[in-house]
Amino acid sequence: MSNTSFFPDLHQRNKQHVLMGLPFDFVSMAESASLIEQAVSSKKRCFLSTPNINFTITANEDYAFYQSVAVSDLSVIDGMPLVWLAKMMKLPVKERVAGSDLFQFLSEKKREQPIKVFFFGGESGIAEKAHKQLNIDSAGMVSVGFYDPGFISIEEMSQDNIIQEINDAEPDFLLVALGAKKGQAWIMNNMAKLNAPVISHLGAVINFVAGSVVRAPEKWRKFGLEWLWRIKQEPNLWKRYVKDGWSLSWLLLTKQLPYYFVNKKYRRGVSQDNVVNWQPNTYTLFLAGCFQSDNLEKLDALISTMVLANHSQLKIDLSGVSYIDSKFMAKLLTLQGKLNLAGCDLIVLNPKQKIKRLMSLAGVLKRFKVISG
């Protein structure tokens, strides 16, 4: 399996926008499934993240966790509140793509070569149950193994013999279930050593496949009440939902809603003109004008070069930029994530005050090293 990302060129991700400080790919269920199937057939890496409210809140509080989402090859919107918020922000969201729905969609689709799944994690005995049940129920998947590491550290569950056992099974889809924070950290720690093309932390899915937890009825999911159903199934979750609800409300009041109105104000009457000037000798990208969803072609043309070039530092000078939208910011976040994986820093130079304000309210300014002249 090639460790080359399924998305080597960031300009291919033209449906990406920032929401609540995270880059999301606004793709449909069918599009997401197709991308995963292409990654499986091409044997190229697709690190899938499915941020919901808990993911989003945790990413705002924990940089390492945020980074695991930023470097993901596909990051889909999971959670009806995020879908509603995206629609309110006039972002081109198509539908909720919950990890459990996506896995079920792939599992139910008949194909000549079933997708080989490996279950890693879950509560004691759950991975084995999921392994057996998938091989009974699934039309399009087959489980080739499972491993229950128990309650040990990330370092202990990253030992060579464990990684070798997973790789020997030759899975197409490695499903990790260790709790979101620990699971994303384990994936980041071991991604380069694993041979599965598709890797994703889908904590609840392993329980649904095993039959230990019953999924909320479709109507509950449609109206954003799955959290209430899950509390009924798993009462210990109520504390997490209360904390997440409070944190979400705070972010909405202090960041997302102010961003909506400030962005609306700054967007009025902006020109479509922009200038992109790449100076390879100083490894600096000079930008001027407005950068928004419908005029990023010049920037897109350079992105592959910037990611693939071998350099320790990339500088983007925004001194001449008068407006940026959520799509441009998503490109910056994803570019930074890919560069960081390659050991390269991204530095933002000389942004105007209103650009800094937009980036701050969108929740992305803190992700960059910003230098003002």
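Conventions we followed
Residues numbered from 1 in each chain as written. Predicted model: local features only at pLDDT ≥ 70, side-chain atom pairs only at ≥ 80, totals over all residues. Heavy atoms only, no water. Phe/Tyr/Trp six-rings, centres within 6.5 Å; stacked < 30°, edge-to-face > 60°. Helix = DSSP H or I, 4+ residues; strand = E, 2+ residues; numbered from the N terminus. Buried < 20%, exposed > 50% of the residue type's maximum accessible area, 1.4 Å probe, protein only. Lys NZ or Arg CZ within 6 Å of the ring centre and 35° of its normal. Core = buried A, V, L, I, M, F, W, Y, C linked by side-chain atoms within 4.5 Å. Contact = heavy atoms within 4.5 Å. Patch = residues over 30% accessible without salt bridge, like charges linked within 9 Å, V, L, I, M, F, W, Y side chains within 5 Å. Areas by Shrake-Rupley, 256 points an atom, 1.4 Å probe, with all protein chains shown as cover. Salt bridge = Lys/Arg side-chain N within 4 Å of Asp/Glu carboxyl O. pLDDT = per-residue confidence, 0-100.

(A) Spatial organisation of the packing of aromatic side chains. Using the criterion set out here, one finds 10 aromatic pairs in the structure. Judged by centre distance (5.7 Å) and plane angle (45°), the ring pair of Tyr 63 and Tyr 66 falls under tilted. Linking Tyr 63 with Tyr 66, this pair stays in helix α3 (residues 63-70), spanning three residues, or about one helical turn. Using a relative accessible area of 0% as the deciding quantity, one classes Tyr 66 as buried. With a centroid separation of 5.1 Å and an interplanar angle of 85°, the aromatic rings of Tyr 260 and Phe 261 are classed as edge-to-face. Tyr 260 gets classed as buried once you look at its relative accessible area, which sits at 19%. Chaining the aromatic ring pairs together yields one cluster made of Phe 103, Phe 119 and Phe 173. Taking the ring centre of Tyr 266 as reference, the NZ or CZ of Lys 354 above it sits at 5.5 Å. The residue whose ring lies beneath Arg 367 is Tyr 66, and the NZ or CZ to ring-centre distance is 3.8 Å.

(B) Representation of the nonpolar core. Among the nonpolar cores identified, the biggest contains 65 residues, and Leu 19, Leu 287 and Met 359 are the most heavily contacted of them. Counting residues per element, this core draws most heavily on helix α14 (residues 326-341), at seven residues. What Leu 287 contacts, discounting residues up to four positions off in sequence, is Val 275, Val 276, Leu 299, Ile 316, Asp 317, Leu 318, Gly 320, Val 321 and Phe 328. Formed by 32 residues, the second largest nonpolar core is a distinct cluster that contains Leu 35, Leu 175, Ile 206 and Val 209.

(C) Structural view of a nonpolar patch on the surface. A contiguous nonpolar patch, built from Trp 220, Phe 223, Leu 225, Trp 227 and Leu 228 and spanning about 470 Å² of accessible area, is present on the exposed surface. With respect to the secondary-structure elements, Leu 225 resides in the loop between α10 (218-222) and α11 (226-233). A relative accessible area of 33% means that Leu 225 is categorised as partly exposed.

(D) Local environment of the confidence of the model for the protein chain. For the protein chain, the mean per-residue pLDDT works out to 89, and 94% of the residues sit at or above 70. Within the model, pLDDT remains below 50 along residues 6-11, and this stretch shows 26 contacts once partners closer than five positions in the same chain are excluded.

(E) The arrangement of unusual backbone geometry in detail. At Lys 90, a residue that is not glycine, the phi angle is positive and equals roughly 65°. Judged by relative accessible area, Lys 90 falls into the exposed class, the value being 66%. Its identity as a non-glycine residue notwithstanding, Tyr 283 has a phi of 50°, on the positive side.

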